[in-house]
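Residue strings, one per chain:
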Amino acid sequence: MANLVRANVDNEMVKAVAAVMLKGHWDNLLKPKIGSCVTSTTISQALLDISQYYFSLSWSFFKWAESVPSYKHSLQSSWTMIYILTKQKHFKTAQEMLQKVAVKDFLSSPTVLNALVSSNLNNDVNSHLLSWLVIYYANSKLPHDAIQVFEHMRVCKLMPHTHACTSLLNSLVKDGLTDTLWKIYKKLQKMGVVPNIYIYNVLMHACCKSGDVERAEDLLREMEFKATFPDLYTYNTLISLYCKKGMHYEALCVQDRMERAGVCPDIVTYNSLIYSYCREGRMREAMRLFKEIKDATANLVTFTTLIDGYCRANSVTEALKLRDAMEAKGLYPGVVTYNSILRKLCEQGQMKDANILLNEMNEKKVVPDNVTCNTLINGYCKIGDMKSALKVKNKMLEGGLKPDRFTYNAMIHGFCKVKDTDGAIEVLFDMVRIGLSPSYCSYSWLVDAYCNLNNEVAVVSLPDEFTRRGYLVDVSFYRAIIRRLCKRGKIDGAEKVFHIMQTKGVLGDSLIYATLAYDYFKVGKVDAASYLLDDMYRRRLMITLKMYKSFNASYSDENTLLDMFWSNVVQRGLISRTVYDDIQQLKILS
């Protein structure tokens, strides 16, 4: 009874507000006695009632209320107005309003969506609104929000527009969420969404990005079965995939197929095919294809690909000839083109020629990037010219470029090569200071340099040096040092570092234990090896398939010792049944 009375009161209030709207006495709604009784639900319902007969009046009232300083539209009233605009086919205005609301409010929440959608029962309009919302979130790089809206549509049996489906799938591809993409696509099919060429092209792009040839071929068959004819983008994506996989014959078959279908190859098609040849050093075939280009014009990518191919094939002279040819056609090399030539010159130790090329870049206003600087630094480090390498690094900083992991590793390697361990350690600490984690190679070069100087003590004291400078030494540091010392046969040094690690309270991982145990077997310390393997079992540290492969690759010339080691590992149950089965399969295949 109380609910019925409340409903009557609400209906009367809606009628009163609607009457005020119709008469145009909108200021009356601002009076305290009336305004205190008007809720967002009342406004929303009044807007709906008026819009059935006087759409322009409801829109004018909404805009007027928006301009009142003391009033702010609620999410409910805003959504109602968007709903009315969409129903009246004022799509552009509705979309603009929806985007503004989505920026301010958390619309992808299932609770919010349920409240908004259930307030208006026209499924066609709701499909419009939620499809636009999916597009907005997808284009805003918020794929998880887009998925939430899509899932709500699926539960409510609202059909998403194909544009929304394309946008959602495309956002998933861009974010590398390939598994999620295929799950969503299956759901779309169950919902009855008929894929168009745009959806298929996004799916084909996903296959290309993940290197899934089999699925791409299945998609092409599905398109043919559903009479959706591939377009230029479809064929180019498939050719690109085959070329990345080195499947030249299949790529050329697709080119032939597209031409027979009346789709002319463009420069993107040719660039993919040329790239596949250059990648494998087949420059004769690449140049033959380059000369056969028809109905398309070679661009910067074409020439850069060929120049890079010649550099990789050790033909810098041919690369420079092509560089001149592209300039003659009015195409001027950019930083990527110059980087390809610089890389080869630096690899060959031709630093004088590299500097001439660098000066040419400067004259032509081609700005060096990180790759340019790293290439030069690496080139100088290889020939032991650390003074020049440091100069390039300083110029890099002056130019606003940030040294990366490659920069620091090249310099660590360079300093170690010239036996300047102090320089190497300073670069290592500089690397840690800016938040970059040194790799196994970074530590390995340092260990090698100290060992070559017969200064094993310096290696063992590295953890204390890190601590003294205020840096946390984690398990990756100990793993790299112990592995490298073991690799060099410095088992005593590795044992000391392992002991330091334990006293510092750092728990070793499977690789540290297995590496040390193996080397104990190697030097005849069977009891020490057995103790470590037993400790591994107590700590439930298991051998992975990756570790198994790594050991076999590193100690391939020690088969007898490896067999004994793996036998001890298996006896102690340090390999799971799944990994053991995988290992047996590997043995059969080998």
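To keep things clear, this report deals only with the structure shown in the data block. (Residues numbered from 1 in each chain as written. Predicted model: local features only at pLDDT ≥ 70, side-chain atom pairs only at ≥ 80, totals over all residues. Heavy atoms only, no water.)

What follows deals with the overall build of the chain. For the chain, the helix and strand inventory stands at 35 helices and zero strands. Since a compact globule built from 590 residues should have a radius of gyration of about 25 Å, the 34 Å found for the chain marks it as more spread out than a globular shape. Taken over the C-alpha atoms alone, the chain extends approximately 100 × 65 × 55 Å along its principal axes. Each of the 590 residues in the chain was classed as buried or not, and the buried ones make up 47%. Partitioning the intrachain contacts of the chain with sequence separation of at least 6 by distance along the chain shows that 64% fall at a separation of at least 24. Within the structure as shown, the chain displays about 30800 Å² of accessible surface, and the carbon and sulfur contribution to it stands at 53%. Computing the positive centroid from 73 side-chain charges and the negative centroid from 60, the chain places the two 3 Å apart. (Helix = DSSP H or I, 4+ residues; strand = E, 2+ residues; numbered from the N terminus. Rg over C-alpha atoms; globule rule 2.2 N^0.38 Å. Buried < 20%, exposed > 50% of the residue type's maximum accessible area, 1.4 Å probe, protein only. Contact = heavy atoms within 4.5 Å. Areas by Shrake-Rupley, 256 points an atom, 1.4 Å probe, with all protein chains shown as cover. Lys, Arg positive; Asp, Glu negative; His and termini not counted. Charge placed at Lys NZ, Arg CZ, Asp CG, Glu CD.)

Another point: the packing of aromatic side chains. Evaluated as defined, the whole model comprises 19 aromatic pairs. Consider the rings of Phe-290 and Phe-303, whose centres lie 5.4 Å apart with planes at 75°: the pair is edge-to-face. Here Phe-290 is found in helix H17 (residues 283-291), whereas its partner Phe-303 is found in helix H18 (residues 300-312), with 13 residues between them in sequence. Neither Phe-290 nor Phe-303 differs from the other in exposure class; each is buried. Their ring planes at 90° and their centres at 5.5 Å tell us that Phe-498 and Tyr-513 sit as a pair that is edge-to-face. Taken together, the residues span a long stretch of sequence, with Phe-498 in helix H30 (residues 491-503) and Tyr-513 in helix H31 (residues 510-522) at a distance of 15 residues. Here Phe-498 and Tyr-513 have matching classes, each one buried. (Phe/Tyr/Trp six-rings, centres within 6.5 Å; stacked < 30°, edge-to-face > 60°.)

Counting 183 residues, the largest nonpolar core has Tyr-478 and Phe-565 as its most contacted members. Looking at this core, the element that brings in the most residues is helix H8 (residues 123-139), giving 10 residues. Apart from the residues lying within four places of it in its own chain, the contact partners of Phe-565 are Ala-514, Ala-517, Tyr-518, Phe-521, Leu-533 and Phe-551. (Core = buried A, V, L, I, M, F, W, Y, C linked by side-chain atoms within 4.5 Å.)

Each α-helix turn comprises 3.6 residues. Residues three or four places apart therefore point the same way. Burial in helix H7 (residues 110-118) covers these residues: Leu-113, Leu-116 and Val-117. Relative to the axis of H7, the buried residues are bounded by an arc of 90° and lie together on one face. Lining the buried residues of H7 we find helix H5 (75-87), H8 and helix H9 (143-155). (Arc of directions from axis to C-beta.)

Helix-helix packing is characterised by the crossing angle of the two axes and by the distance between the axes. Contact geometry of helix H26 (residues 440-452) with helix H29 (residues 475-487) gives a least axis separation of 9 Å together with a crossing angle of 45°. Considering the angle they form, H26 stands oblique to H29. For H26 against H29, the interelement crossing comes out right-handed. In this structure, H26 uses Tyr-440, Tyr-443, Ser-444, Val-447, Asp-448 and Cys-451 to contact H29, whose residues at the interface are Phe-477, Ala-480, Ile-481, Arg-483, Arg-484 and Leu-485. A per-class count over the contact of H26 with H29 returns eight nonpolar, one polar and three charged. (Axes fitted to C-alpha atoms, helices over the stretch in contact; angles between N-to-C directions. Parallel < 35°, antiparallel > 145°, perpendicular 65-115°, else oblique. Left-handed = near helix turned anticlockwise from the far one by under 90°. Nonpolar A, V, L, I, M, F, W, Y, C, P; charged D, E, K, R; others polar.)

Scanning the entire structure with this criterion turns up zero disulfides. For the unlinked cysteine Cys-208, the closest cysteine sulfur is that of Cys-207, found at 8.6 Å. (Disulfide = S-S within 2.5 Å.)

Attention now goes to helix H20 (residues 335-347). For H20, spanning 13 residues, the distance from its first C-alpha to its last is 18 Å, which sits close to the expected 18 Å at 1.5 Å a residue. The buried fraction of H20 amounts to 10 of the 13 residues, a majority that puts the element mostly inside the structure. Regarding H20, the residues found buried are Val-335, Thr-337, Tyr-338, Asn-339, Ser-340, Ile-341, Leu-342, Lys-344, Leu-345 and Cys-346. (Expected span 1.5 Å × (residues − 1).)

Here we take up the side chain of Lys-393. Within the element layout of this structure, Lys-393 appears in helix H23 (residues 386-398). A relative accessible area of 12% places Lys-393 in the buried class. With sequence-adjacent residues up to four places away left out, Lys-393 is seen in contact with Ile-377, Pro-403, Tyr-408, Met-411 and Asp-430.

To continue, consider the environment of Asn-271. With respect to the helices and strands, Asn-271 occurs in helix H16 (residues 267-279). Sequence spacing of Asn-271 and Ala-286 is 15 residues, and the spatial spacing of their C-alpha atoms is 9.7 Å. Each residue touching Asn-271, except ones within four places of it in the same chain, is listed here: Asn-299, Val-301 and Thr-302. Engagement of the side chain of Asn-271 in a polar contact is seen with the side chain of Asn-299, the distance being 3.3 Å. Within the local environment of Asn-271, its side chain forms a polar contact with the side chain of Thr-302, the two groups lying 2.7 Å apart. (Polar contact = N/O pair within 3.5 Å; in protein donor to acceptor, adjacent residues only side chain to side chain.)

Bringing the environment of Tyr-242 into the picture now. As for its placement among the helices and strands, Tyr-242 is situated in helix H14 (residues 232-244). Not counting the four nearest positions on each side in its chain, Tyr-242 is found in contact with Val-213, Glu-217, Met-247, Glu-250, Ala-251 and Val-254.

On to the side chain of Ser-340, then. Summarising the element assignment, Ser-340 is placed in helix H20. Those residues in contact with Ser-340 that lie beyond four places of it in its chain are Asp-308 and Cys-311.

Close contact between helix H11 (residues 178-191) and helix H12 (residues 197-210) brings their axes to 11 Å; oriented N to C, the two are set at 150°. Taken together, the axis directions place H11 and H12 in an arrangement best described as roughly antiparallel. Every pair of crossing elements has a handedness; the one defined by H11 and H12 is left-handed. Mapping the contact onto sequence places Thr-178, Leu-181, Trp-182 and Tyr-185 in H11 and Ile-199, Tyr-200, Leu-203, Ala-206, Cys-207 and Ser-210 in H12. Grouping the amino acids of the contact of H11 with H12 by side-chain chemistry returns eight nonpolar, two polar and no charged.

Notably, Ala-227 is not glycine yet its phi reads approximately 60°, a positive angle. Take Ala-227: it is sitting in the loop between helix H13 (213-225) and H14. A positive phi angle is found at Asn-454, which is not glycine, with a value near 55°. If you trace the backbone, Asn-454 turns up in the loop between H26 and helix H27 (456-460).

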